[in-house]
Amino acid sequence: MTIERVEMALLKLPYVHFFETSFGREYDRTFIIVRVYEDGVCGFGEVVAEEAPLYSGETTEGAWHVLRAFLIPMVFKEKITGPEDFYKNVGRFRGNLMAKAGLELAFWDLKAKKAGMPLKRLYGGVRDEIEAGVSCGIEDSLPDLVARVGVYLEEGYRRVKIKIKPGWDVAACAAVREKYPDILLQVDANGAYSLADMETLKKLDAFNLLLVEQPFPPYDLWDHAKLQKEMRTPLCLDESILSLDTARAAVEMGSCRIINIKVGRVGGAVEMRKIHDYCEEHGVPVWCGGMLESGIGRAHNLHIATLPNFKLPHDLSASRRYYKEDLIDPFIELSGPGTIRVPEGPGIGVHPVEERIRRATLKREVFK
Ligand code: OSB
Ligand code: MG
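I will try to describe carefully the structure that is included in this document. Values in this document were obtained by computation on a predicted structure and should not be read as measured data.

## With respect to the coordination of the magnesium ion (ligand 2)
Okay, step 1: Taken together, Asp188 (OD), Glu213 (OE) and Asp238 (OD) make up the full set of protein donors to the magnesium ion (ligand 2), lying 2.1 to 2.3 Å away.
Okay, step 2: Sequence positions of the residues that donate to the magnesium ion (ligand 2) give the spacing D-x24-E-x24-D. Linking Asp188 in strand 7 (residues 184-188) with Glu213 in strand 8 (residues 212-213), this pair joins segments that are 25 residues apart in sequence.
Okay, step 3: Overall, Asp188 belongs to the buried group, its relative accessible area being 0%.

Given below as C-alpha cells:
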C-alpha cells in the first residue's frame, strides 16, 4: 500500500460577515486543502494557516512552500501511508505545525475511510453530538455587537464568545450582559494585553464569564500565571499551547485552568491526543477552538470534539455562520438547541463538492 498522489489547492472564500479580532478586520479566508490518495480512496485535510502571520507565525504561502518542498516529498520518500507513521517522521522538521497538521489530518480521514468508520470512532470519541458555540468579532459599535449576539442566539447558539481588545472589553461585556444576563459568555483577547493591563482584566471577573482566553501574547506563560492568581475567572490558553510540552508547562505553572485545543495549532491529531490525555489526567478541561475553517476542517474538528475531555462548548458553528457556500454537502447545521450532530459516514463523513472547490481555487498542484 502506497500513497499514489497528493494534491494541494489554495482557496479563497468570502465570509458572510466580516470577522474582526485584536489583529484587525478580515472579509475572507485563504486556506489550503490537502488530499492524499491511496487505492482510489481520498483523504481530506485543511491547513488553517492564514494569509498574514498575525495569529501565528505561519502563513498560507509559507505552509504551501513547506508542504511542497519538505513534507510531501517526505511522504513519498519514506513511503508513509498512515497518520502515526507521518507523525513519527515529520518530527525531524521544526515548527510549521499548521502545515504538518493539514497533511496529517488527510491521513486520518484516509485511514478512517479505508476502515469504513467515522473518524470519531477511530479516535475513540464518546458522543454523537457536540456543544456548539459562536465566536463574535469586534463590531463598529456596542449596539451592533449586542444585535449580532442576538442574531446568533436566535439561530440557536447557547454559548457566545466575544473578541476583546484594549478599549473594547469591559464596556463590551457590560453591554452584552445587560441584555443577556444568563447566557454562557466568554471572551478572547488574542494576546492584546500585557501585565500593565492587570486592573482592566480583573474587572472582567464581574461578568460571570466561562473563561478569559489568551489575554497575553503566546510566550508569556509566566505573566499568565501571575494574572491567574489575581483573577477568579479561569484563564484559557489558545496561542500559547503548541505541544504537549507547552501544555504541561502552562498547567504546572498555573498559567491557565482550561485549554483551547486547535488541531492545526498543535501540529495534528497525534499531538492533540497527547495534550487531551495529559489535561484529562490533570483535571484540566479542554474545548475545541476554530480557525474559521471551511466545512472540511470543521468536520475534522467535530470528530475531535467527541473525545471525553472536550468538556466545554466549542468554537464550532453551522456552515452558514461562516460561508454562504460552504465546500461540503450537506452543510453543517445546528441539530438541537446549541448542538451539532457529528457526521456518521466514513472518515470526516461529509462530501466536499468538487465544483465549489474548483470555483474557490487560486492555485493547485499535484504530486506523484
Ligand atoms: O482566537 O480563537 C481564535 C478565528 C481565527 C483565528 C483565531 C481565532 C478565531 C476564532 C474563530 O475565534 C472561531 C471559529 O472558527 O468559529
Ligand atoms: Mg482564541
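## Some points on helix 6 (residues 170-179)
Okay, step 1: What helix 6 keeps buried is the set Ala172, Cys173, Ala175, Val176 and Arg177.
Okay, step 2: Contacts from the buried residues of helix 6 go to helix 5 (142-155), strand 6 (159-163) and strand 7.

## Section: the sheet that holds strand 1 (residues 5-21)
Okay, step 1: Ordered by their spatial adjacency, four strands build an open sheet running 3-2-1-15, and the pairing between neighbours is antiparallel. This sheet does not close on itself; its edge strands, each paired only once, are strand 3 (41-47) and strand 15 (361-367). With strand direction ignored, the average angle separating the axes of adjacent strands in the sheet is 25°.
Okay, step 2: The strands touched by helix 3 (residues 97-114) are strand 1, strand 2 (24-38) and strand 3; relative to strand 3, the strand with the most contacts, the crossing angle is about 150°.

Definitions and cut-offs
Residues numbered from 1 in each chain as written. Chains lettered and ligands numbered in written order. Predicted model: local features only at pLDDT ≥ 70, side-chain atom pairs only at ≥ 80, totals over all residues. Heavy atoms only, no water. Donors = N, O, S within 2.8 Å, 3.2 Å for Na, K, Ca; no water. Helix = DSSP H or I, 4+ residues; strand = E, 2+ residues; numbered from the N terminus. Buried < 20%, exposed > 50% of the residue type's maximum accessible area, 1.4 Å probe, protein only. Contact = heavy atoms within 4.5 Å. Pairing = 2+ DSSP bridges. Axes fitted to C-alpha atoms, helices over the stretch in contact; angles between N-to-C directions.

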